[in-house]
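Listed below, chain by chain, are the residues.
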Amino acid sequence: MDTCDADGMAEANVEIYKLFDQGRDEIQAEKCEEAAATLKKIIPLMTLPLVQGTVEYAYKSDPKSTYDCKHQAEGERDCLKEWAEGWAFAAAALPQIAKCDADAAEVVRKNLEVPPAGGKAGDQVPDGYMKVKEAVEGTYECLGITCEQVGVFDAENSGMEVCTGGGSSDAALGLRASLLAALAALAAYAL
């Protein structure tokens, strides 16, 4: 995803290790409010690889993508292994995505969920990987992550370049607008 530092460590991992140490120190010092605030910084960084995996494997499992599946059936592109991997990442991220945007979560579920009885080649990602990518990107701000943190999977020929903007969801934009309106009303009242 091209999100590593000069030493090859994912930048999010560098940050999360610092926060783990900080949280441990806060807990040991019985600074519970500070530790709770640190935890709120850790959660988005823990969500980041789940989002990256969801987007990457939506692309890899989409029969219409240009990805060459690792375990191709004789003469066919089934990408069933990749579909299962995508569902593993998506299932872990879905509760947080749904909390931000139920419609985005439904797009992810519809496209990556592997049926209990198993799936057959061609059933996966019926709406296409770009629909999944765009739905997930719309929740980035609410999830507390950025386009730059998620990075790029394969921009050369897949449309999987880094998203532009903040990846703001409609819900997050609406909340921000409501807060600004409330602050403006409060300021007008104070005058």
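Read on for a plain summary of the structure. Residue positions are given per chain, counted from 1 along the sequence in the order it is written. Thresholds applied to this predicted model are a pLDDT of at least 70 for local features of residues and 80 or more for the giving and counting of side-chain atom pairs; totals over whole chains, interfaces and linings are not thresholded and use all residues. Side-chain metrics in this entry use all non-hydrogen atoms of the structure; hydrogen atoms and water are not considered.

Considerations on the packing of helix α3 (residues 80-100) against helix α4 (residues 102-112)
Convention adopted: a line fitted to C-alpha atoms gives each axis, helices being fitted over their contacting stretch, and angles between N-to-C directions are expressed from 0 to 180 degrees. Helix and strand assignments follow DSSP, with helices taken as H or I runs no shorter than four residues and strands as E runs no shorter than two, numbered in order from the N terminus. At a minimum axis separation of 9 Å, α3 and α4 run at an interaxial angle of 165°. With respect to each other, α3 and α4 are oriented roughly antiparallel. Considering only the axes of α3 and α4, their crossing is left-handed. Contacts between α3 and α4 involve W83, G86, W87, A90, L94, I97, A98 and C100 on the former and, on the latter, A102, A104, A105, V108, R109, N111 and L112. Convention used here: angles under 35 degrees read as roughly parallel, angles over 145 as roughly antiparallel, angles from 65 to 115 as roughly perpendicular, and any remaining angle as oblique. Crossing handedness follows the turn of the near helix against the far one: under a right angle anticlockwise gives a left-handed crossing, and clockwise gives a right-handed one. Residue contacts are counted whenever heavy atoms from the two residues lie within 4.5 Å of one another.

Things to note about empty space enclosed by the protein
Where empty space is left becomes clear once a probe the size of a water molecule has been rolled over the atoms. The pocket and cavity definitions rest on a 1 Å grid over protein atoms only: a 1.4 Å probe that fits but cannot leave marks a cavity, an open set with protein on both sides within 12 Å along at least five of seven lines marks a pocket, and residues lining either have an atom within 4 Å of a point. Grid points are joined across faces, edges and corners, and a volume is the space filled by probe spheres set on the points. According to the stated counting rule, one finds 1 cavity of 30 Å³ or more in the structure shown. Looking at the largest cavity, it is lined by 14 residues, and the ones nearest its centre are K133, Y140, V150, G151 and E161. Each residue is assigned to one class: nonpolar for Ala, Val, Leu, Ile, Met, Phe, Trp, Tyr, Cys and Pro, charged for Asp, Glu, Lys and Arg, and polar for all the others, Gly among them. Taken together, the residues of the lining of the largest cavity break down into 10 nonpolar, 1 polar and 3 charged.

Examining the pattern of salt bridges
Pairing is possible between side chains that carry opposite charge, provided their charged atoms lie close to one another. The salt bridge definition used is simple: a Lys or Arg side-chain nitrogen within 4 Å of an Asp or Glu carboxyl oxygen. According to the stated counting rule, one finds 9 salt bridges in the structure shown. The salt bridge partner of R109 is E106, with a shortest N-O separation of 2.4 Å. A residue pair is termed a helical-turn pair when its members lie 3 or 4 positions apart in one helix, as R109 and E106 do in helix α4 at 3 residues. Only protein chains enter the area calculation, which uses a 1.4 Å probe; residues under 20% of their type maximum are buried, those over 50% are exposed, and those in between are partly exposed. Among the residues examined, E106 registers a relative accessible area of 38% and is labelled partly exposed.

Structural notes on the layout of surface pockets
Roughly 160 Å³ of internal volume is contained in the largest pocket. What lines the largest pocket is simply I43, P44, Q96, K99, C100, C142, L143 and G144. Secondary structure elements with two or more residues in the lining of the largest pocket: α2 (32-61), α3 and α6 (140-143). When residues in the lining of the largest pocket are grouped by element, the largest group, 3 residues, is from α3. For the lining of the largest pocket, a count of residues per class yields 5 nonpolar, 2 polar and 1 charged.

Overview of the packing of aromatic side chains
Aromatic pairing here means that ring centres of Phe, Tyr or Trp (its six-membered ring) are within 6.5 Å. Orientation follows from the plane angle: under 30 degrees is stacked, over 60 is edge-to-face, and everything else is tilted. On inspection of all chains with the given rule, the structure shows 4 aromatic pairs. Between Y57 and F89 the ring centres are 5.8 Å apart and the planes differ by 15°, which places this aromatic pair in the stacked class. Of this pair, Y57 sits in helix α2 while F89 sits in helix α3, and the two are 32 residues apart along the sequence. Taking relative accessible area as the criterion, F89 reaches 28% and is therefore assigned partly exposed.

Any functional reading would require information that these geometric values do not contain.
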